[in-house]
Amino acid sequence: MIRTRLAAWPRRLAPALLAVLCIAATLSAQTKTPSTVPVVMLSDIHFDPFHDPAKFAQLRAEPVSRWPAVLSAPDSPTQAADVAALQDACPVRGVDTPWTLLQSSLKEAHRQQPKPLFVTVSGDLTAHAFDCRVHHLAPTISAKEYSEFAAKVAAFIAFELRETFPGVPVYLALGNNDSGCSDYRETQGSEYLKDTARSFAGDVIDARNRNALLREFSAEGDYSVVLPKPIRHARLIVLQDIFESKKYESCAAKPDGAAADVQVEWLRAQLTAARAAHEHVWVMAHIPPGIDAYATFSKNRDVCAGQKPEMFLNSGKLADTLTDFGDIIKLALFAHTHMDEMRLFQSTTESSGNAVPGKLVPSISPVNGNNPAFTVARVEPGTATLKDYSVYSADNQTGIATTWKEEYSYSSTYGLPDFSAKSLATLTSEFLADKQGSSEHSHAYQDFFYVGLRADSSNAKAEAMRSLWPSYACAMTEDGDAGFRACLCPVKP
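Residues numbered from 1 in each chain as written. Predicted model: local features only at pLDDT ≥ 70, side-chain atom pairs only at ≥ 80, totals over all residues. Heavy atoms only, no water.

**Details of the nonpolar core**
Then, in step 1: Counting 113 residues, the largest nonpolar core has Phe-47, Phe-156 and Tyr-414 as its most contacted members.
Then, in step 2: Per element, the largest residue contribution to this core is twelve residues, and it comes from helix 8 (residues 143-164).
Then, in step 3: Setting aside chain neighbours within four positions, we find Phe-156 in contact with Phe-47, Val-64, Trp-67, Pro-68, Leu-71, Trp-99 and Leu-102.
Then, in step 4: In this structure, Phe-312, Phe-325, Ile-328 and Phe-345 belong to the second largest nonpolar core, which totals 23 residues. (Core = buried A, V, L, I, M, F, W, Y, C linked by side-chain atoms within 4.5 Å. Buried < 20%, exposed > 50% of the residue type's maximum accessible area, 1.4 Å probe, protein only. Helix = DSSP H or I, 4+ residues; strand = E, 2+ residues; numbered from the N terminus. Contact = heavy atoms within 4.5 Å.)

**Regarding helix 15 (residues 421-433)**
Then, in step 1: Given a rise of 1.5 Å per residue, 13 residues ought to cover 18 Å, and the 18 Å separating the end C-alpha atoms of helix 15 matches this to within 8%.
Then, in step 2: Those residues of helix 15 not exposed but buried are Ala-421, Ser-423, Leu-424, Leu-427, Thr-428 and Phe-431. Along the axis of helix 15, the buried residues cluster in a sector spanning 155°; they form a single face. Residues of helix 15 that are exposed and angled more than 90 degrees away from the buried face: Lys-422 and Ala-433.
Then, in step 3: On the buried face of helix 15, the contacting elements are strand 8 (341-345), strand 9 (356-360), helix 14 (410-414), helix 16 (440-449) and helix 18 (469-477). (Expected span 1.5 Å × (residues − 1). Arc of directions from axis to C-beta.)

**A closer look at the confidence of the model for the protein**
Then, in step 1: Of the residues in the protein, 90% reach a pLDDT of 70 or more, and the chain-wide mean stands at 91.
Then, in step 2: Segment residues 1-9 is flagged for pLDDT under 50; beyond a separation of four residues in sequence, or across chains, it makes seven contacts in the model.
Then, in step 3: Confidence drops under pLDDT 50 across residues 23-30; counting only partners more than four residues distant or on other chains, this segment forms zero contacts. (pLDDT = per-residue confidence, 0-100.)

**Notes on the sheet that holds strand 1 (residues 37-42)**
Then, in step 1: Overall, mixed pairing links the six strands, which are arranged 3-2-1-10-11-12 in an open sheet. The open sheet has two free edges, formed respectively by strand 3 (170-173) and strand 12 (404-409), since each of these has just one partner strand. Taken pair by pair, the neighbouring strands of this sheet meet at an average axis angle of 25°, ignoring direction.
Then, in step 2: Here five bridges tie strand 11 (residues 385-394) to strand 12, and the two strands are oriented antiparallel to one another. Looking at strand 12, one finds that Ser-390 is bridged to Ser-409.
Then, in step 3: Contacts from helix 6 (residues 99-112) reach strand 1, strand 10 (373-380), strand 11 and strand 12, with the element oriented near 30° to strand 10. (Pairing = 2+ DSSP bridges. Axes fitted to C-alpha atoms, helices over the stretch in contact; angles between N-to-C directions.)

**Considering the sheet that holds strand 9**
Then, in step 1: Spatially, the six strands line up as an open sheet ordered 4-5-6-7-9-8, and their pairing is mixed. The open sheet has two free edges, formed respectively by strand 4 (223-226) and strand 8, since each of these has just one partner strand. Averaged over all neighbouring strand pairs, the angle between strand axes comes to 20°, with direction disregarded.
Then, in step 2: One ladder, built from four bridges, connects strand 6 (residues 280-284) with strand 7 (residues 329-334); its direction is parallel. Across the sheet, residue Val-281 finds its bridge partner in strand 7, namely Ile-329.

**Things to note about the state of the cysteines**
Then, in step 1: Tallying each qualifying case throughout the model produces four disulfides.
Then, in step 2: A sulfur-sulfur distance of 2.1 Å marks the disulfide that ties Cys-474 to Cys-487. Taking the sign of the S-S torsion, -80° for the link of Cys-474 and Cys-487, the bridge is left-handed. Note that Cys-474 is positioned in helix 18 and Cys-487 in helix 19 (residues 481-488), a separation of 13 residues in sequence. (Disulfide = S-S within 2.5 Å.)

**Some thoughts on the environment of Pro-255**
Then, in step 1: Topologically, Pro-255 is positioned in the loop between strand 5 (234-238) and helix 11 (257-276).
Then, in step 2: Owing to a relative accessible area of 70%, Pro-255 belongs among the exposed residues under this scheme.
Then, in step 3: The spatial distance from the C-alpha of Pro-255 to the C-alpha of Leu-313 is 14 Å, given a sequence separation of 58 residues.
Then, in step 4: The residues contacting Pro-255, other than those within four sequence positions of it, are Tyr-248 and Glu-249.

**Quick word on the environment of Cys-489**
Then, in step 1: Take Cys-489: it is sitting in the segment after helix 19.
Then, in step 2: In this structure Cys-489 touches Val-303 and Cys-304, once residues within four positions along its chain are discounted.

**Description of the packing of aromatic side chains**
How two aromatic rings sit relative to each other is set out by the distance from centre to centre and by the angle between their planes.
Then, in step 1: A complete count under the given rule lists 29 aromatic pairs for this structure.
Then, in step 2: Centre to centre, the rings of Trp-67 and Phe-149 are 5.8 Å apart; their planes meet at 40°, and the pair counts as tilted. With Trp-67 in helix 4 (residues 67-72) and Phe-149 in helix 8, the pair connects residues that are 82 residues apart, well separated along the chain. As far as burial versus exposure is concerned, Trp-67 and Phe-149 are alike and both buried.
Then, in step 3: Plain terms: the ring middles of Phe-374 and Tyr-392 are 5.5 Å apart, the flat faces sit at 20° to each other, and that makes the pair stacked. Separated by 18 residues along the polypeptide, Phe-374 in strand 10 and Tyr-392 in strand 11 bring together distant segments of the chain. As far as burial versus exposure is concerned, Phe-374 and Tyr-392 are alike and both buried.
Then, in step 4: Each member of the aromatic cluster is reached from another via a ring pair, and the members are Tyr-389, Tyr-408, Tyr-410, Tyr-414, Phe-419, Phe-431, Tyr-445, Phe-448, Phe-449, Trp-469 and Tyr-472. (Phe/Tyr/Trp six-rings, centres within 6.5 Å; stacked < 30°, edge-to-face > 60°.)

**Points about the pattern of salt bridges**
Then, in step 1: Going through the model one piece at a time under the given rule, you end up with 21 salt bridges.
Then, in step 2: The partner of Asp-195 in a salt bridge is Arg-198, and the shortest N-O contact between them spans 2.4 Å. Taken as a pair, Asp-195 and Arg-198 lie in helix 9 (residues 191-201) at a separation of three residues, close to a single helical turn.
Then, in step 3: A salt bridge links Glu-216 to Arg-215; the shortest N-O distance between them is 4.0 Å.
Then, in step 4: In the salt-bridge network here, residues are joined through shared partners; they are Lys-246, Lys-299, Arg-301 and Glu-310. (Salt bridge = Lys/Arg side-chain N within 4 Å of Asp/Glu carboxyl O.)

**Quick word on the side chain of Gln-270**
Then, in step 1: Mapped onto the elements, Gln-270 comes out in helix 11.
Then, in step 2: Contacts of Gln-270, omitting those with residues within four sequence positions, involve Glu-216, Ser-224 and Ile-237.

**Re unusual backbone geometry**
Then, in step 1: Of the consecutive residues Lys-229 and Pro-230, the connecting peptide bond is found in the cis state with omega at 15°.
Then, in step 2: Note on placement: Pro-230 falls in the loop between strand 4 and strand 5.
Then, in step 3: Unlike most non-glycine residues, Tyr-184 shows phi in positive territory, near 65°.
Then, in step 4: Note that Tyr-184 resides in the loop between strand 3 and helix 9.

Listed below in structure tokens is the structure:
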């Protein structure tokens, strides 16, 4: 066709024009928007800087760029005894993520997707019992020094992600363990938040997004950034929703309900502006809204007799905000439970928007007995819709001689075209109708929920998920007390 059209041109100009057209065609092919783009999702890293307590003082003294050398040095002769003593002083239910496991996890994430469009980390970078362990190893440490070391742990995770995925934007949220004073505690405008803002800003790449993070994050750990091209007209809004937890207190150990109200108002303002700009939105935080099914029944709450279920947050304001903007929110990313979970946030009020699909990303930390895992996803650029994802899991919990494999992929397991609200409504309706949890899809969800373990009688924790299936199914779609009870409890004649 090109040669036919060139016949009408002067002979001496035709070769030049042909070259120009070929170059243009090549550039057009190269810049064509792909059908999907890759994204890496991590959560609940819970890095343990106390795996060799003898190195603690050196980690405090060294910049984070030197931490890999310190951590890679041979263990001290007293390492095992020191860890045992630390566990006696500050008990933890399991083992968090040592340096070897962090290295293995990030190396494998890079191997599975060496050039993602961006990386998300939905909170809890810091080890459990962090405050107890720091004060046990450094009894005279000041509040300022404690906050500085806690911020260095967050900065180290940001540094390692930057080294693993150079030139790739990394978006990190803080979790309840990420604090300048203690678990579930923080104070608005704290030095920890300011220090962490500077660390996280280095991973954002784009100058406009970086400036927005520095401007917004220091108040409550929240920020809003435009997602990179080729995703179009879309942004990510990140919250430090510790302020909305029912366990939240300021660093002065005082409740502060106003902090949660400020955060929700900020979120609503961001979503309102995004709606006016016709943007698609992802929202990421650590603690999910809604029902904690495991805590509800491990505490023997008789919901059908009128007792209240355990809630993750102090109120339903975050869930209500999500559903009020369901017309623009394409995905809500959370974590916290360490499990591989789904949620569908929806409301029965006429003023609400569409439902919002929610994904809880499984943890790197094996502290709950689960195997470490991460997620590689595919996103449709034009709508910012999560099209598919695969979960990769380790065959052990140490990072030593670890083999990683694909645990499952969403599309091939559930046969759905995407992880949209519509598709999730189809799947959760099937779950709710399957009261015995015996269908193929119900079994798949139960098996993959507790990464590395199957829901059978050989593992009590995994088996609990199957035995309490109706509770978990209802918790997927009902984030309020009344709705959960109506879903779970049979109607009396």
